[in-house]
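# Structural overview for review
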Amino acid sequence: MTTTIKLEEKVKTKGQEVAEELKIYFRERGIYVINLIGSPGSGKTSLLESLAPDLRGRTAVIEGDLQTDKDKLRIERAGLPAYQLNTLGACHLDAKMIRQAVDEFSLEGAKILFIENVGNLVCPASFVIGEDVKVAVVSVTEGDDKPAKYPTAIRVSSAMVITKMDLLPYTDCHVDQMEADAHAINPQMKIFKTSMKTGEGMKEFLAWIEESAAAK
Ligand SMILES: Nc1nc2c(ncn2[C@@H]2O[C@H](COP(=O)(O)OP(=O)(O)O)[C@@H](O)[C@H]2O)c(=O)[nH]1
Ligand SMILES: [Mg+2]
């Protein structure tokens, strides 16, 4: 029992060390890093596809998934350089995986790096991977109880992007409730209500990204 606890502590410390090294690596190169967390299908890749025309030439993407390079290919088709990490079962990215990615993937010219984490609202919330901020992505189709039910993800995220607002009329989702629950957990949290179909909220989210990156 004691041995197990010691081992876990050691592994955690190593991961945190690598995350700190990555933070220095990104700071030295002036790269602002956003760790996108959210359920499978919440709209993380779609969000990046929508931002791509405005961020082209100064943005790179690391994609995290259990299997396949489907998201990497989508991002490349949208015009951004992308690198795929396959965790082969692991439920989140860790700092060592990001170090491997930056060793192999040229970030030349990138001022913003998005890391799309493995789809779930639990494990990715508990790991730092060298990012400046986490952004939680939650869609209206998941139900308005998700911010309250996944408080860690909300607490550690600087912003929440509510996606699929165009589908709101077809759901029972109360967006006001989502916002109130999120702000009860994290009063500073920025909240953006967006739709990839109508473009709603995208200008505001883009402006926040630009301001946050410029302030680094
Ligand atoms: N109607 C609608 N569908 C969306 C929106 N954003 C994403 N989707 C759809 O939701 C599904 C999952 O999106 P994806 O970006 O792959 O989610 P991810 O798993 O979080 O990366 C896809 O079929 C998208 O077309 C949106 O704003 N409105
Ligand atoms: Mg995706």
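Quick note: structure is the one above.
Report follows, based on the coordinates.

Criteria and thresholds
Residues numbered from 1 in each chain as written. Chains lettered and ligands numbered in written order. Predicted model: local features only at pLDDT ≥ 70, side-chain atom pairs only at ≥ 80, totals over all residues. Heavy atoms only, no water. Core = buried A, V, L, I, M, F, W, Y, C linked by side-chain atoms within 4.5 Å. Buried < 20%, exposed > 50% of the residue type's maximum accessible area, 1.4 Å probe, protein only. Helix = DSSP H or I, 4+ residues; strand = E, 2+ residues; numbered from the N terminus. Contact = heavy atoms within 4.5 Å. Near = heavy atom within 4 Å. Polar contact = N/O pair within 3.5 Å; in protein donor to acceptor, adjacent residues only side chain to side chain. Areas by Shrake-Rupley, 256 points an atom, 1.4 Å probe, with all protein chains shown as cover. Nonpolar A, V, L, I, M, F, W, Y, C, P; charged D, E, K, R; others polar. Donors = N, O, S within 2.8 Å, 3.2 Å for Na, K, Ca; no water. Phe/Tyr/Trp six-rings, centres within 6.5 Å; stacked < 30°, edge-to-face > 60°.

Before going further, it helps to spend a moment on the nonpolar core. If you look at the biggest cluster of nonpolar residues, it comprises 26 residues, and the most contacted ones within it are Ile34, Phe114 and Phe205. Breaking this core down by element, the ones donating at least two residues are strand S1 (32–38), helix H2 (44–55), strand S4 (112–116), strand S5 (133–139), strand S6 (159–163) and helix H8 (202–214). Ignoring anything within four residues of it in the chain, the contact list for Phe114 reads Ile34, Leu36, Leu48, Leu51, Leu55, Thr59, Ala60, Val61, Ile62 and Ile209. With 23 residues, the next largest nonpolar core counts Tyr83, Ile98, Ala101 and Val102 among its residues.

The environment of ligand 1 is made up of 16 residues, and the closest members are Gly41, Lys44, Ser46, Asp166 and Met196. In this structure, a nitrogen atom belonging to ligand 1 sits 2.8 Å away from a side-chain N or O atom of Asp166. A distance of 2.7 Å is found between an oxygen atom of ligand 1 and a backbone nitrogen or oxygen belonging to Met196. Here ligand 1 loses 74% of its free accessible area of 580 Å² to cover by the protein chains. The greatest single-element share of the shell around ligand 1, amounting to 3 residues, is contributed by H2. In the shell around ligand 1, the residues fall into 3 nonpolar, 7 polar and 6 charged.

The protein atoms that coordinate the magnesium ion (ligand 2) are Thr45 (OG1), Asp71 (OD) and Glu116 (OE), at distances spanning 2.1 Å. Mapped onto the polypeptide sequence, the residues donating to the magnesium ion (ligand 2) form the spacing pattern T-x25-D-x44-E. With a gap of 26 residues between them, Thr45 in helix H2 and Asp71 in helix H3 (residues 70–77) connect regions that are remote in the sequence. Each member of the pair Thr45 and Asp71 is classed as buried.

Mapped onto the elements of the fold, Gly64 is located in strand S2 (residues 59–65). Separated by 69 residues in sequence, Gly64 and Val133 have C-alpha atoms that sit 17 Å apart. Those residues within four positions of Gly64 in sequence are excluded, and the remaining contacts are Gln84, Leu85, Leu93, Glu116, Asn117 and Val118.

Turning next to the packing of aromatic side chains. Evaluation of the coordinates by the stated rule reveals 5 aromatic pairs. Taking the centre distance of 5.6 Å and the plane angle of 80° together, the rings of Tyr25 and Phe26 count as edge-to-face. The exposure class of Phe26 is buried, given its relative accessible area of 0%.

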